[in-house]
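# Fold and contact review
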Amino acid sequence: MKIALLGVGQAGGKVADAILDYEAASRADFVTDTVAINSARADLLGLERIPVDRRVLIGQSRVKGHGCGADNELGVTVAEEDLDEVRGAIDDLPVHEVDAFLVVAGLGGGTGSGAAPVIARELSRLYTEPVYGLGILPGSDEGGIYTLNAARSFQTFVREVDNLLVFDNDAWRRSGESLRGGYASINEEIARRLGVLLSAGEVSEPPFPESVVDASEIINTLAGGGVTTIGYANSQLDRPSRGLFGRREPDPNETDVVNRITTTVRRATLGNLTLPANVESTERALVVVSGPPQYLSRKGIEGSRRWLEEETGTMEVRGGDYPIPKSDYVAGLVVLSGVTDVPRIKELQQIGAETQRNLKARAEQRPEALRDLVWDGDGEIDPLF
Ligand SMILES: Nc1nc2c(ncn2[C@@H]2O[C@H](COP(=O)(O)OP(=O)(O)OP(=O)(O)O)[C@@H](O)[C@H]2O)c(=O)[nH]1
């Protein structure tokens, strides 16, 4: 699937950069064009892969290139005010070569959280191609305001896109990974998952897939809107070295191949989702199995599809393969689209609502508290003027 990629805010830009890294390392060409949009000049300068002339600074007259400081209403305002600048960049996109748009942003801050839904709405207004969002949820240790921002942006973003793919920074941390050392490894993980999905149907040299996951398979899986979570797992291959004279590797046993695929797909679905969700609440699903061609099997993929049908209770499960000859592992990627039972979103909304109540109550008490602080109780002290 060919996409136009728009990274909004710092997280959006960095994840877009990571997706371009993945593309450069893979055999496929799936990003037609990229645009980074931010209100912080330094964040735009820090990007590596997105071309300099595809970086758009918004909100300069209001925030002077310093970002929105986790104020996502300001994020909305600067995007709306500078929509012409954004439109200018979008106008340059070779839209005839694009199957869909992908707008990426961290939902906890100001710029990405506020501007991404505005940009998605504008893309939907201008083009007939689907507009997907990739929203990153903040870690729960980031604090109330980030959670409230994410809860508000989530509601709006879901409404403005054709489907919102969600990645929860918290789920990554709970899986035992650390957020320390920056977000580099988490961004690589996001890029890998999207990369496998989007590049599977865009292989330009043999071996070609037996069962191609093309753009229409992805679009049909994401049709109907809502929220999507993506599972991924891989199984390391113990491949014999080729020896001095490049002996051909013996073909693996068929039963082992099938078992490896089905186990990997189960692991991807049950323990490794970008947003933990009750699998039974899935509306549509898609499975892609990648690896060296001799480790891919129609029987294995069919078995995984059937297993997913049973597990999700939906009959709409699509599937295909993505041969990568030099890969050292077999990977299973599972897209669960239209999930509705997602405890983390409920938690986010609950904490967000508490934070909002707390902020409102404090704002109401503040004028009186400040008056008490500034004026001496008996009014004996005269102000200067
Ligand atoms: N996965 C991932 N998450 C990130 C990254 N950087 C920030 N985040 C998350 O995204 C949220 C928003 O942060 P930023 O993207 O820096 O914020 P912004 O959209 O630029 O907005 P302002 O800085 O407030 O103008 C944070 O609360 C983090 O949860 C990143 O590189 N990767």
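Please read these numbers as outputs of a predicted model, since none were measured by experiment. (Residues numbered from 1 in each chain as written. Predicted model: local features only at pLDDT ≥ 70, side-chain atom pairs only at ≥ 80, totals over all residues. Heavy atoms only, no water.)

Attention now moves to the layout of surface pockets. Estimated volume of the largest pocket: approximately 650 Å³. What lines the largest pocket is a set of 29 residues, and nearest its centre among them are Ala18, Asp21, Tyr22, Ala25 and Glu188. When contributions to the lining of the largest pocket are tallied by element, the ones reaching two or more residues are helix H1 (9-25), helix H9 (184-199) and strand E10 (329-337). Ranked by residue count, the leading element in the lining of the largest pocket is H1, at seven residues. Here the lining of the largest pocket is built from residues that sort into 13 nonpolar, six polar and 10 charged. Both domains that meet at the lining of the largest pocket, namely domain 1 (3-199) and domain 2 (215-337), each give it at least three residues. (1 Å grid on protein atoms, 1.4 Å probe; cavity = no way out; pocket = protein on both sides within 12 Å on 5 of 7 lines; lining within 4 Å. Points joined across faces, edges and corners; volume = space filled by probe spheres on them. Helix = DSSP H or I, 4+ residues; strand = E, 2+ residues; numbered from the N terminus. Nonpolar A, V, L, I, M, F, W, Y, C, P; charged D, E, K, R; others polar. Domains from an automatic or database assignment.)

This part is about the pattern of salt bridges. Under the counting rule described, the total for this entry stands at 24 salt bridges. Of the charged contacts, one joins Asp29 and Lys2 as a salt bridge, the two residues approaching to 3.8 Å between their closest N and O atoms. Placement of the pair is Asp29 in the loop between H1 and strand E2 (31-38) and Lys2 in the segment before strand E1 (3-8), with a sequence separation of 27 residues. For Asp29, a relative accessible area of 43% corresponds to the partly exposed category. Glu122 serves as the salt-bridge partner of Arg125, at 2.9 Å between the closest nitrogen and oxygen. Residue Arg125 and its partner Glu122 are located together in helix H6 (residues 111-126), separated by three residues, close to a single helical turn. The exposed category is assigned to Arg125, whose relative accessible area is 58%. Because the salt bridges share partners, they merge into one network encompassing Glu217, Glu283, Arg284, Glu316 and Arg318. (Salt bridge = Lys/Arg side-chain N within 4 Å of Asp/Glu carboxyl O. Buried < 20%, exposed > 50% of the residue type's maximum accessible area, 1.4 Å probe, protein only.)

Within the secondary structure, Asp321 sits in strand E9 (residues 317-323). The side chain of Asp321 is buried and forms no salt bridge, while Arg298, the nearest opposite charge, is found at 6.8 Å. A polar side-chain atom of Asp321 sits 3.0 Å from the main-chain amide nitrogen of Glu210. A polar side-chain atom of Asp321 sits 2.7 Å from the main-chain amide nitrogen of Ser211. When sequence neighbours within four positions are dropped, the list of residues in contact with Asp321 reads Pro209, Glu210, Ser211, Val289, Leu296 and Ile301. (Lys, Arg positive; Asp, Glu negative; His and termini not counted. Polar contact = N/O pair within 3.5 Å; in protein donor to acceptor, adjacent residues only side chain to side chain. Contact = heavy atoms within 4.5 Å.)

Right, let's get into the site of the ligand. Near the ligand there are 21 residues, and of these Ala70, Thr111, Gly112, Glu142 and Asn187 occur at the shortest range. At 2.8 Å, a backbone N or O of Ala11 approaches an oxygen atom of the ligand. The contact in question runs from a nitrogen atom of the ligand to an N or O atom on the side chain of Asn169, over 3.1 Å. Protein contacts shield 91% of the accessible area of the ligand, which totals 640 Å² for the unbound molecule. When atoms are counted within 2 Å of each cavity's grid points, the one that captures over half of the ligand is the second largest pocket. Among the elements that take part in the shell around the ligand, H1 stands out by supplying four residues, more than any other. (Near = heavy atom within 4 Å. Areas by Shrake-Rupley, 256 points an atom, 1.4 Å probe, with all protein chains shown as cover. Sits in = over half its atoms within 2 Å of the grid points.)

This next bit is on the packing of helix H7 (residues 144-160) against helix H13 (residues 343-374). In contact at an axis separation of 8 Å, H7 and H13 are set at 115° when each is read in the N-to-C sense. Considering the relative orientation of H7 and H13, their crossing is left-handed. Residues Gly144, Ile145, Thr147, Leu148, Ala150, Ala151, Arg152 and Phe154 of H7 touch H13, and the partners they reach there are Ile345, Leu348, Gln349, Ile351, Gly352, Thr355, Gln356 and Leu359. In terms of residue class, the contact of H7 with H13 is built from nine nonpolar, six polar and one charged. (Axes fitted to C-alpha atoms, helices over the stretch in contact; angles between N-to-C directions. Left-handed = near helix turned anticlockwise from the far one by under 90°.)

Turning to helix H4 (residues 72-81), its buried residues are Asn72, Gly75, Val78 and Ala79. Around the axis of H4, the buried residues are gathered within 110° of arc, so they sit on the same side. Residue Asp71 occupies the N-cap position of H4, its side-chain oxygen lying 3.1 Å from the main-chain nitrogen of Glu73. (Arc of directions from axis to C-beta.)

The next subject is the environment of Glu316. Mapped onto the secondary structure, Glu316 falls in the loop between helix H12 (298-312) and E9. Of the residues examined, Glu316 reaches a relative accessible area of 31% and is grouped as partly exposed. Distance from Glu316 to Ala369, taken between C-alpha atoms, is 59 Å for residues 53 residues apart in sequence. Dropping the residues within four chain positions of it, Glu316 is found in contact with Asn220, Glu283, Arg284 and Ala285. Among the polar contacts made by the side chain of Glu316, one reaches the side chain of Arg318 at a distance of 3.1 Å.

Further remarks concern a nonpolar patch on the surface. Judged by side-chain polarity, Leu370, Leu373, Val374 and Trp375 come together as a nonpolar surface patch covering roughly 450 Å² of accessible area. Here Leu373 lies in helix H13. Using a relative accessible area of 67% as the deciding quantity, one classes Leu373 as exposed. (Patch = residues over 30% accessible without salt bridge, like charges linked within 9 Å, V, L, I, M, F, W, Y side chains within 5 Å.)

On domain assignment, one finds that the protein holds domain 1 (3-199) and domain 2 (215-337). Domain 1 and domain 2 are separated by 27 Å when their C-alpha centres are compared. Summed over both sides, the interface between domain 1 and domain 2 buries roughly 2,100 Å², with carbon and sulfur atoms accounting for 65% of that surface. Area buried by domain 1 at its contact with domain 2 is led by Arg193, Val196 and Leu197, which between them contribute 31% of it. On the surface where domain 1 and domain 2 come into contact, there are zero salt bridges. For the pair domain 1 and domain 2, the interface holds 12 residue pairs in polar contact (both at pLDDT 80 or more). Counting only elements with at least two residues in the side of domain 1 that touches domain 2, the list comes to strand E5 (131-137), H7, strand E6 (163-168) and H9. Looking at the side of domain 1 that touches domain 2, the element that brings in the most residues is H9, giving eight residues. Of the residues belonging to the side of domain 1 that touches domain 2, the class tally is 16 nonpolar, three polar and seven charged. (Buried area = accessible area lost by both parts, 1.4 Å probe.)

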